[in-house]
Amino acid sequence: MKIFSGIQPSGVVHLGNYLGAMKNWANLQNSPAGENEAIFCVVDYHAITVDYPKDEMPQRIINAAKDILASGVDPNKSTLFLQSDIPEHTELAWLLNTITTMGELSRMTQYKDKTAKHEERAGLFDYPVLMAADIMIYKAEGVPVGEDQVQHVELTRDLVRRFNSKFGDTFPEPKPLLTEAKRVMSLSGSGKMSKSDSPSTYIAMTDEPDVIRKKISSAVTDDGQSDDISQSTINLINLYGEFAGQGEADKFMEQRKAKTIKYSEFKPALAEAIINELEPFQKRRAGVTDEEVKKIFTDGAAKLRPIAQETLKEVKEKMGLII
Ligand code: AMP
Ligand code: TRP
């Protein structure tokens, strides 16, 4: 299966990004029979749809690639590139704009969420069409993302169907590929883990062991005694399952049900499990240089550009734009 996914270079990668998406990227690339062809992208044109610090952007872009590589994506097995290096993405987005309605973009919940905090800009409104173009330009069939991106993949499927029926069969319908941890919750106990919230509510993949211990020790739980187990507690026990195995997590869940759980024992166990998993990630990340990233981007774009050009030519032909 042809796989495509992307991440914004927005400064920090947290456990939600890792468990919901990036860890899966490495698994999909490594599928034993080699039946997957995986493409991963740092989506800089998406990251500029809200205000951003322009001086920090070059380093953010490089760091996003380092995070992807540290998650286990191997540039010899997958292709990693920078979105703005292939201008055909934005050109296809324009063409897709002409078959996208205002109504369907207005229904995107991420737009509604983001405009609660940011200005209502055309680029932010149109963001999902660029995402559809990212996926469609490589005719990708599988899109490994977290749950918050599923609505955008559904829109992509709608655009694929519409394009195919208006202009002739061209694109496959892509499917979202979700993990067990498709929606990691915030340590504050409400809402999903998000980098736009306070740093105390998420574990960044680059957090030092002591920072992780501190954040977990102040993560919200219930009192351990009520009949109803709070969502925040379930989330922490699920997190433990991700790192220490389901069996270990089940033991703590049983204790919680029996109201015998001691958070003073559970929380340190969770913190150490996270620290263990992050150690190899952090080591790998520290071993990648900026120069290596630039070379990987150059090679990735060189490999993909002909494919993107070919799809764009086919699309323009089908739309009656080639004379
Ligand atoms: P972003 O940081 O918004 O570019 O997201 C990168 C990837 O991480 C996307 O596939 C998101 O769906 C996924 N993601 C972001 N936050 C979470 C979360 N709290 N739980 C699971 N997946 C997430
Ligand atoms: N919108 C995605 C996010 O915020 C990032 C993204 C851009 C993406 N283009 C994509 C994800 C194409 C999957 C496929 O997480």
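No experiment lies behind these values; they were computed from the predicted model shown. (Residues numbered from 1 in each chain as written. Chains lettered and ligands numbered in written order. Predicted model: local features only at pLDDT ≥ 70, side-chain atom pairs only at ≥ 80, totals over all residues. Heavy atoms only, no water.)

Participant: Just to check I follow, could you spell out a nonpolar patch on the surface for this structure?
Facilitator: Judged by side-chain polarity, Y45, I48 and Y52 come together as a nonpolar surface patch covering roughly 260 Å² of accessible area. In this fold, Y45 is placed in helix α2 (residues 44–47). (Patch = residues over 30% accessible without salt bridge, like charges linked within 9 Å, V, L, I, M, F, W, Y side chains within 5 Å. Areas by Shrake-Rupley, 256 points an atom, 1.4 Å probe, with all protein chains shown as cover. Salt bridge = Lys/Arg side-chain N within 4 Å of Asp/Glu carboxyl O. Helix = DSSP H or I, 4+ residues; strand = E, 2+ residues; numbered from the N terminus.)

Participant: Can you walk me through the side chain of T170 in this structure?
Facilitator: Structurally, the position occupied by T170 is in the loop between α8 (150–167) and β5 (175–177). For T170, a relative accessible area of 9% gives the class buried. One polar contact links the side chain of T170 to the main-chain carbonyl oxygen of G168, over a distance of 2.7 Å. Each residue touching T170, except ones within four places of it in the same chain, is listed here: K139, F163, N164, E314 and K318. (Buried < 20%, exposed > 50% of the residue type's maximum accessible area, 1.4 Å probe, protein only. Polar contact = N/O pair within 3.5 Å; in protein donor to acceptor, adjacent residues only side chain to side chain. Contact = heavy atoms within 4.5 Å.)

Participant: What should I look at first to understand the packing of helix α7 (residues 122–136) against α8 in this one?
Facilitator: To describe two helices that pack against each other, one gives the angle between their axes and the distance between the axes. Orientation of α7 relative to α8, taken along the N-to-C sense of each, is 70°, at an axis distance of 9 Å. Comparing the axis directions of α7 and α8 gives the class roughly perpendicular. Both α7 and α8 take part in a crossing whose hand is right-handed. Where α7 approaches α8, its residues Y127, P128, M131, A132, I135 and M136 are matched on the opposing element by H152, V153, L155, T156, L159 and V160. When grouped by side-chain class, the residues that make up the contact of α7 with α8 number ten nonpolar, two polar and no charged. (Axes fitted to C-alpha atoms, helices over the stretch in contact; angles between N-to-C directions. Parallel < 35°, antiparallel > 145°, perpendicular 65-115°, else oblique. Left-handed = near helix turned anticlockwise from the far one by under 90°. Nonpolar A, V, L, I, M, F, W, Y, C, P; charged D, E, K, R; others polar.)

Participant: How should I be thinking about the UniProt feature "short sequence motif: 'HIGH' region" (unreviewed entry) in the protein in this particular structure?
Facilitator: The UniProt record marks residues 9–17 with the feature "short sequence motif: 'HIGH' region" (unreviewed entry), using the residue numbering of this structure. In residues 9–17, helix accounts for 33% and strand for 0%; the two terminal C-alpha atoms are 12 Å from one another. (UniProt positions renumbered as here; feature names shortened; annotations may be inferred.)

Participant: Where do I start with the side chain of H14 in this structure?
Facilitator: Its location among the elements puts H14 in the loop between β1 (2–7) and α1 (15–29). Apart from the residues within four sequence positions on either side, H14 is in contact with M193, S194, K195, Y202, I203, A204 and M205.

Participant: Help me understand the pairing of strand β3 (residues 79–82), please; the structure alone is not making it clear to me.
Facilitator: Two faces make up the sheet, and in a regular strand the side chains alternate between them. The alternating pattern of β3 places T79 and F81 on one face and L80 and L82 on the opposite face, and all of these are buried. Sheet analysis places strand β2 (residues 37–42) next to β3, joined by four bridges and oriented parallel. Paired with V42 across the two strands is L82, which belongs to β3. (Pairing = 2+ DSSP bridges.)

Participant: Any chance you could explain the site of ligand 1 here in plain terms?
Facilitator: Around ligand 1 sit 18 residues, and of these G146, D148, V184, M193 and K195 come closest. Within the contact set of ligand 1, an oxygen atom lies 3.2 Å away from a backbone nitrogen or oxygen of Q8. One nitrogen or oxygen atom from the main chain of G16 is found 3.1 Å from a nitrogen atom belonging to ligand 1. Burial of ligand 1 by the protein chains amounts to 93% of its free accessible area of 480 Å². If you tally residues by element for the shell around ligand 1, the top one is α1, at four residues. Across the shell around ligand 1, the residue classes tally to six nonpolar, seven polar and five charged. (Near = heavy atom within 4 Å.)

Participant: I would appreciate a short explanation of the pattern of salt bridges in the present structure.
Facilitator: Any two side chains of opposite charge can pair, so long as their charged atoms come close to each other. Scanning the entire structure with this criterion turns up 25 salt bridges. Put simply, R162 and E104 hold a salt bridge, and the shortest N to O gap is 2.6 Å. Of this pair, R162 sits in helix α8 while E104 is found in helix α5 (residues 102–106), placing the two residues 58 residues apart along the sequence. Residue K215 pairs with D207 through a salt bridge whose shortest N-O separation is 2.7 Å. Of the two residues examined, K215 and D207, each falls in the buried class. Here the salt bridges do not stand alone but share partners, grouping E154, R157, D158, R161 and E173 into one network.

Participant: How should the nonpolar core be read in this particular structure?
Facilitator: In a soluble, globular protein the nonpolar side chains are often hidden away together inside. Core analysis: the biggest nonpolar cluster contains 60 residues, and L15, F266 and I274 have the highest contact counts within it. Counting residues per element, this core draws most heavily on helix α12 (residues 263–286), which supplies nine residues. Here this core gathers at least three residues from each of two domains, domain 1 (2–183 + 289–318) and domain 2 (207–285). Once you skip the residues sitting within four places of it in the chain, L15 turns out to touch G20, V184, M193, I203, M205, L239, F243, I274 and L278. Within the second largest apolar cluster, 41 residues are counted, among which are V50, Y111, V145 and A301. (Core = buried A, V, L, I, M, F, W, Y, C linked by side-chain atoms within 4.5 Å. Domains from an automatic or database assignment.)

Participant: Which parts of the structure should I look at to understand the site of ligand 2?
Facilitator: Neighbouring ligand 2 are 13 residues, the closest being Q8, Y127, M131, D134 and Q149. Here a nitrogen atom of ligand 2 and a side-chain polar atom of Q149 are 3.0 Å apart. Computed on the free molecule, ligand 2 has an accessible area of 360 Å², of which 92% lies beneath the protein chains in the complex. Those elements that place two or more of their residues in the shell around ligand 2 are β1 and α7. The element best represented in the shell around ligand 2 is α7, accounting for four residues. Of the residues belonging to the shell around ligand 2, the class tally is seven nonpolar, five polar and one charged.

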